[in-house]
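Read off the chains here:
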Amino acid sequence: MEFKDNTKSARKSVFPAGFFWGAATSAHQVEGGNQNDWTLFERQNAKRLSQSAQKKHWPDYILNNHPNPFQVENYISGQACDHYNRFKEDFDIAQSLGHNAHRFSIEWSRIEPEEGKFNGKEIEHYREVIRALRERDMEPFVTLWHWTLPRWLENKGGILTEDFQRYFVRYAERLAVAFKNDVQFWFTINEPEIYCLNAYYRGRRPPQKNGFFYFYRGFNSLILAHRLAYRAMKKISSRFTIGIVCNLSDFKSSGGPVNAFLKVLFERFWNHRFLQKIKNEIDAIGLNFYFHHRIRYGLRSANEVISDVGWDLHPEGIESILRDLQVYERPIYITESGLADARDKNRAWFIKETIEAAGRALARGVPVRGYFHWSLSDNFEWDNGFWPRFGLVEIDYRTLERKIRPSAWEYKKIIENHFNV
Ligand code: BGC
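Residues numbered from 1 in each chain as written. Predicted model: local features only at pLDDT ≥ 70, side-chain atom pairs only at ≥ 80, totals over all residues. Heavy atoms only, no water.

### Describing the confidence of the model for the protein chain
Across the protein chain, the average pLDDT comes to 95, with 96% of residues at or above 70. Scored below 50 in pLDDT, residues 1-10 makes 18 contacts in the model with residues more than four places away or belonging to other chains. (pLDDT = per-residue confidence, 0-100. Contact = heavy atoms within 4.5 Å.)

In structure tokens form, the structure reads like this:
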């Protein structure tokens, strides 16, 4: 998104100086070697998931890849991308792609493997990770909790245990103290709505509970956890920028008063409920954008272009969400946006459209301050396993070789065009 600056007859970008360009990852999806609630879920469910995949029809380009949805090993995170050991190599790649920031998460089960016993060596590991980013001129954006729980906490009932807030605050404080001088940007929780939907309403992910009441309790537990962690961390450093990451959808009514009413309802509940509850305890908003829904007496697919996992690709939808977020008067970071695209057919187009739409929102005064593509590399896509390919960088899971996809270079060109103004 560019406009002519007539006064200097130079081309000027709407993206402000200091805009953050990068990609995102999460610990369990890339690190490998974790021992948490997911590790157990994977062992117990891999066979079932591979068997139910056999009932669906899959295109050859997915089945010819390794691992594919029929293979049991597809559903076991195992060594994942071995990012825990290869993070420097991965950050070298990100740097070569022009990134000046990177979003990642810290694995709670490494930091506190037993209740109340914090592992200093693992804290030092993440200090190394942060240092490696800084050495490459990339700003670290740290997520405290991206869905995986230490086993001891899972055994106590996870986010529904009475003491969950106390545990979460203690963990947050520990990291805030450790990285007080190293990290500016923090996000407490990744996508509380999606977590509760899949783990407590649909029963698809650990702890596999089903029902609206569970969802509701989980959601409220996370609201409180965020608030208390925010306050505790601000006491440690008032300079921290602390936000939340929400997964918001673009809802489009297909006309008529009923659909218009449903749109308002979905937006209020899905897009704004969590944010409304914590609006006094955030310095920044992290927006994850993946979903576009047509409303016709319910949620429908628009079926325009779809990704390998069947999601509608509607990148321009991000503009209206960004504009809606303006009410909170906080800087906004697009903390995730991306697609499963093993053939890299749509990724370059999708990135360009998303960034242009963000540029249009910026031009209208929305304070967008960063864009993080999901994801830096292919990774473990939760209960879908490894077959969905979300990476700017392809991973060969047999050799762990990294291969930069063409779209990653296209993203680099966009970054450069907006830097050199
Ligand atoms: C999550 C990621 C996930 C991505 C793609 C987001 O909801 O934060 O962990 O990989 O979506 O499904």
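Picking up where we left off.
### Describing the site of the ligand
Taken together, the neighbourhood of the ligand is formed by 14 residues, with Q29, H146, E191, E336 and E381 sitting nearest. At a separation of 2.9 Å, an oxygen atom of the ligand approaches a polar side-chain atom of H146. Contact between the ligand and E381: an oxygen atom at 2.4 Å from a side-chain N or O atom of the residue. Residue classes in the shell around the ligand are distributed as six nonpolar, five polar and three charged. (Near = heavy atom within 4 Å. Polar contact = N/O pair within 3.5 Å; in protein donor to acceptor, adjacent residues only side chain to side chain. Nonpolar A, V, L, I, M, F, W, Y, C, P; charged D, E, K, R; others polar.)

### Considering the pairing of strand 6 (residues 185-190)
In terms of burial, strand 6 is a largely internal element, six of the six residues being buried. Bridge count between strand 5 (residues 139-145) and strand 6: four bridges; the pairing is parallel. Bridge pairing links T143 to F187 in strand 6. (Buried < 20%, exposed > 50% of the residue type's maximum accessible area, 1.4 Å probe, protein only. Helix = DSSP H or I, 4+ residues; strand = E, 2+ residues; numbered from the N terminus. Pairing = 2+ DSSP bridges.)

### Regarding the packing of aromatic side chains
On inspection of all chains with the given rule, the structure shows 43 aromatic pairs. Taking the centre distance of 6.3 Å and the plane angle of 40° together, the rings of F215 and F269 count as tilted. One end of the pair, F215, is in helix 10 (residues 212-236); the other, F269, is in helix 11 (residues 257-278), with 54 residues separating them in the sequence. Measuring from ring centre to ring centre gives 5.4 Å for F219 and F274, while their planes differ by 85°; the resulting arrangement is edge-to-face. Of this pair, F219 sits in helix 10 while F274 is found in helix 11, placing the two residues 55 residues apart along the sequence. Through pairs of rings, three or more aromatic residues link up here, namely W108, W145, F164, F168, Y171, Y195, Y200 and Y214. (Phe/Tyr/Trp six-rings, centres within 6.5 Å; stacked < 30°, edge-to-face > 60°.)

### Things to note about the nonpolar core
W108, F168, F179, W186, Y195 and L322 are the most contacted members of the largest nonpolar core, which has 134 residues in total. Ranked by residue count, the leading element in this core is helix 10, at 10 residues. Among all residues touching W186, those that are not within four sequence positions of it are V142, L144, L175, A176, F179, M233, F240, T241, I242 and G243. (Core = buried A, V, L, I, M, F, W, Y, C linked by side-chain atoms within 4.5 Å.)

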